[in-house]
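One letter stands for each residue in the lines below.
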Amino acid sequence: MPFVHPSAETYFGIPGYVLSWVILIAALALFSCTLYQRILLLRSGQPDPRFSQLDRRFLGLIRYGLIQKKQLRYFGAGIIHYLIFTGFIILSLRSLDLIIQGLGGGYELYWLKGSFGGFYNSLKDVFELLVLAAGLWAILRRLLLQPERYRRNGDPGHQSEAYLVLGLIVFLMITDILFEAGRLASTSQVSRGWLPAAALGAWTLSGSLPSTGAVLSSTVYWLHLLAFFFFLNFLPLAKHFHIITALPNVFFRKLEKGGIKPARWGIENPEDLDSLGVGRLTDFTWKHLLDFFSCTECGRCSDQCPARAVGRPLSPKMFTIKLRDYGYSKEENKIAMTGGLITTDEIWSCTTCGACEEECPVCIEYIDKMIDLRRHLIETSQTPKSFNSVLMQIEKTGNPFGKPASKRADWTKEVPGLLVPILKAGDEAEVLYFVDGYASYDPRVQIIAQAIVQGLHRSNIQFGILGAREKDSGHQVRRLGEEGLFQNLLEENMETLGSRRFKQIVTTDPHAFNTLKKDYPGDLPVMHYSQFFLPLIQDGRLKPAKALAPGDVYTYHDPCYLGRHNGLYDPPRQILKTLPGMNLVEMQRCRDRSFCCGGGDVNLWHEIEGEEMRMAGKRVRMARDAGANVIVTACLFCLLNLEDAVKTAGLDKEMRVTDLMELVVSTI
Ligand code: SF4
Ligand code: SF4
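Residues numbered from 1 in each chain as written. Chains lettered and ligands numbered in written order. Predicted model: local features only at pLDDT ≥ 70, side-chain atom pairs only at ≥ 80, totals over all residues. Heavy atoms only, no water.

A. Main features of the site of ligand 2. As a structural note, the neighbourhood of ligand 2 is formed by 13 residues, with Cys295, Cys298, Cys301, Cys360 and Tyr366 the closest of them. Along the lines of polarity and charge, the residues of the shell around ligand 2 split into eight nonpolar, two polar and three charged. (Near = heavy atom within 4 Å. Nonpolar A, V, L, I, M, F, W, Y, C, P; charged D, E, K, R; others polar.)

B. Broad picture of the packing of helix α24 (residues 615-625) against helix α25 (residues 636-648). One can describe the packing of α24 onto α25 by two numbers: an axis separation of 8 Å at closest approach and a directional angle of 75 degrees. Relative to α25, the element α24 is oriented roughly perpendicular. Contacts between α24 and α25 involve Ala616, Gly617, Arg619 and Val620 on the former and, on the latter, Asn641, Leu642, Ala645 and Val646. (Axes fitted to C-alpha atoms, helices over the stretch in contact; angles between N-to-C directions. Helix = DSSP H or I, 4+ residues; strand = E, 2+ residues; numbered from the N terminus. Parallel < 35°, antiparallel > 145°, perpendicular 65-115°, else oblique. Contact = heavy atoms within 4.5 Å.)

C. Representation of helix α16 (residues 385-397) in the model. For α16, which comprises 13 residues, the first-to-last C-alpha distance of 19 Å matches the rise-based estimate of 18 Å (1.5 Å per residue) to within 8%. Those residues of α16 that sit buried are Phe387, Val390, Leu391, Ile394 and Thr397. Buried residues along α16 cover an arc of 160 degrees about the axis, so they all sit on one side. Away from the buried face of α16 by more than 90 degrees, exposed residues Lys385, Glu395 and Lys396 are located. The secondary structure elements touched by the buried residues of α16 are α13 (344-349), α15 (367-379), α19 (475-479) and α20 (483-498). Downstream of α16 by a residue or two, Gly398 has a phi angle that is positive, lying close to 85 degrees. (Expected span 1.5 Å × (residues − 1). Buried < 20%, exposed > 50% of the residue type's maximum accessible area, 1.4 Å probe, protein only. Arc of directions from axis to C-beta.)

D. Molecular detail of the pairing of strand β5 (residues 501-507). Burial analysis of β5 places five of its seven residues in the buried class, the great majority of the element. Pairing of strand β3 (residues 428-434) with β5, which is carried by six bridges, proceeds in the parallel orientation. Across the sheet, Leu432 pairs through a bridge with Ile505, a residue of β5. Strand direction decides the pairing type here: β5 and strand β6 (residues 526-528), joined by three bridges, are parallel. Bridged to Val506 within β6 is Met527. On the question of chirality, the crossover connecting β5 to the parallel β6 by way of helix α21 (residues 510-518) is right-handed. (Pairing = 2+ DSSP bridges. Right-handed = clockwise from strand over helix to strand, strands pointing away.)

E. Just the sheet that holds strand β4 (residues 463-464), in detail. Ordered in space as β4-β3-β5-β6, the four strands form an open sheet in which the pairing is parallel. Each of the sheet's edge strands pairs with one partner strand only, and the pair in question is β4 and β6. Running at roughly 80 degrees to β6, helix α22 (residues 529-538) makes contact with β3, β5 and β6 of the sheet.

F. How the structure looks around the pattern of salt bridges. Across all of its chains, the model carries 44 salt bridges by this definition. In this structure, Arg264 and Asp283 form a salt bridge, with 3.7 Å as the shortest nitrogen-oxygen distance. With Arg264 in the loop between α8 (242-251) and α9 (286-294) and Asp283 in the loop between α8 and α9, this residue pair connects regions lying 19 residues apart in the sequence. Both residues of the pair, Arg264 and Asp283, count as buried. Taking the shortest distance from any N to any O, the salt bridge between Lys287 and Asp291 comes out at 2.5 Å. Taken as a pair, Lys287 and Asp291 lie in helix α9 at a separation of four residues, close to a single helical turn. Linked through salt bridges whose partners overlap, the residues forming this network are Arg94, Asp97, Lys124, Asp125, Glu128, Asp176, Glu180 and Arg183. (Salt bridge = Lys/Arg side-chain N within 4 Å of Asp/Glu carboxyl O.)

G. Up close: the sheet that holds strand β7 (residues 554-556). Read from one edge of the open sheet, four strands run β8-β7-β9-β10, paired in parallel fashion. The open sheet has two edge strands, β8 (584-585) and β10 (656-659), and neither has a second partner. In this sheet, strand β9 (residues 630-633) lies alongside β7 in parallel orientation, the contact comprising three bridges. Residue pairing across strands places Thr555 opposite Ile631, the latter belonging to β9. Contacts between helix α23 (residues 570-578) and the sheet are confined to β7, β8 and β9, with β7 contributing the most and set at about 160 degrees to the helix. Its contacts with the sheet put α25 on β9 and β10, and the angle it makes with β10 is roughly 170 degrees.

H. Looking closely at the site of ligand 1. Close contacts around ligand 1 come from Cys305, Pro306, Leu314, Pro316, Cys350, Thr351, Thr352, Cys353, Gly354, Ala355 and Cys356, and that covers them all. Looking at the shell around ligand 1 residue by residue, the classes come out as eight nonpolar, three polar and no charged.

I. Geometry of helix α3 (residues 75-103). Relative to the 42 Å expected for 29 residues at 1.5 Å per residue, α3 spans 41 Å between its end C-alpha atoms, a close match to the ideal helical length. At Ile90, α3 shows its strongest bend, of approximately 35 degrees. The first or second residue beyond α3 is Gly105, which carries a positive phi of 65 degrees. (Bend = angle between axes of the 7 residues up to and from the residue.)

J. Fine view of a nonpolar patch on the surface. Taken together, Ile14, Tyr17, Val18, Trp21, Val22 and Ile25 make up a surface patch of nonpolar side chains, about 530 Å² in accessible area. Looking at which element gives the most residues to the nonpolar patch, the answer is helix α1 (residues 16-43), with five residues. Here Tyr17 is to be found in helix α1. Tyr17 gets classed as partly exposed once you look at its relative accessible area, which sits at 39%. (Patch = residues over 30% accessible without salt bridge, like charges linked within 9 Å, V, L, I, M, F, W, Y side chains within 5 Å. Areas by Shrake-Rupley, 256 points an atom, 1.4 Å probe, with all protein chains shown as cover.)

K. Quick look at the packing of aromatic side chains. All told, the structure shown has 23 aromatic pairs when counted by the stated rule. With a centroid separation of 6.5 Å and 20 degrees between ring planes, the pair formed by Phe116 and Tyr120 is classed as stacked. Here the residue Phe116 and the residue Tyr120 both occupy positions in helix α4 (residues 114-145), the gap between them amounting to four residues, near one helical turn. Accessibility expressed as a relative area gives 41% for Phe116, which makes it partly exposed. Given the relative accessible area of 5%, Tyr120 is considered buried. (Phe/Tyr/Trp six-rings, centres within 6.5 Å; stacked < 30°, edge-to-face > 60°.)

L. Structural context of the environment of Leu216. Residue position: Leu216 is located in helix α7 (residues 210-234). Separated by 152 residues in the primary sequence, Leu216 and Asp368 have C-alpha atoms spaced 54 Å apart. The contacts of Leu216, once residues within four sequence positions are left out, are Leu178 and Leu205.

Right under this line is the structure:
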């Protein structure tokens, strides 16, 4: 008997195809209204130039959007997502086909007939089974394993949306399979391809009357259509909006890591602005608002966030969810956003380590948002008191210690048998060693600066420093949100750098390296010392010869601003491997999953209440778990923090911390 399409039937005197049109128009009208609201919100954001370097953007779209490179970093969840995502692409054609069939009273797209149709029908049938399995697996995984990262503030009740959507996906698969199965069971029509899912469904109906198949087919068809349009309208209401916005969000991702966005794009002088930071939702840029739409709530950001790991009141995932819900609910006039909805402790808890951004599968940004919120706190005098004195000292003396500039080069007197040249205006050197504040004044960090100049001297490099004319690089100042002071430091340093001639700038500190490279104008030829010394060691100009003490096991801690923000994972490791007698082990969290020591940026000057343990303490445990007794760093803030943590943990008899350059010089 021939198959009669459900839309060709009449229901209570109304032709099925008319019902199809009514459902379609109502659903699209509702969807357009919601989408319009979202677009209005997006358009209320500040400008953000995201249309440059289209080739890199398209490549990123393929890498992170289509191939979904980051998904497999969480293997089990990644596989599920791959299956559902691929199924979504393949089955969207099927959905279109089913809608058109309904509108045309059973009309089928002509190119879905014939041999391509047979192939496509087989493919969609296989994927329906795969997506069905992935959906069921995802539901069971959530029910049985209950991964912590899926929760919102530890409340499992908020997972209902995920269950609803997974349930809808499963329902859509089952109804389409049964639609085909009913058609197979009720008709002797020619084959529509190899349909394993439909054949399985038809097998369960075997023995029943052909009319049963027809009724089933008709019922599940309408249920499928209604579920599909319900799903479509549900998408923009919460986290599944990412199905629509994730690809654009990936396309418009931030291309350069490490740097900070200006206070407002398109404004040259921050003093021209009425307000600097972000105090209201609409002070965010449109891209940052798009971020809120695009969060999948997968929790990977919070899972990797060191602030969350030590119990600070910050969860990047909740940060995004709170702001998204705030934007959707139009609560803007009822509750202050900065310092209210997002508390000051949340804002200061962030170390700007970048672990969240590295992990996020849809390229959501956090650091620029945090800095924008801090700019508002600074502007409205909501900063912790501890910052005021540091900022005042930097403003007055150019260093966070408030020490006189005339003593900035005193550390050079302690370098045995070596006179460190101080470059004056018009002087020239092969290398300008930019020392920065901590290496100039802190006695422990001065040892690293001394090791660096020894390394330069032994490599026969002609170099010099800026002495009293050097000011703090301003890395922390900018990340603290004090944009005005940062601009002053930048101008003074640029003027000094512009009046000396050099081929290369070498820095001690990854933070100074990062800010000179990413925040300063122009293209300063700046290198971190590990990058600079590696080729010198490789070509024998600097020769580590003395063997390290036997029995020591070393591990390298990746500083966030060297690794994640600048991709320099290998040079320090390559240097370590050249040291005679080196026994190097890796910590479980290393390279782009390194765990922040908690010392960079503002955290050095401000303690967050409620922290269960110091980040550096957790990091020392990780090193011990890896079997190491020596932690090597290439960042002075990591060194200070980790050394302190070793002492606090009472481990100073069994573990020690050293800087890479100190270690290298000790073997020469
Ligand atoms: S930058 Fe680091 S500390 Fe800040 S939210 Fe991201 S992971 Fe957490
Ligand atoms: S911000 Fe990214 S990593 Fe974090 S929950 Fe959202 S999608 Fe996942």
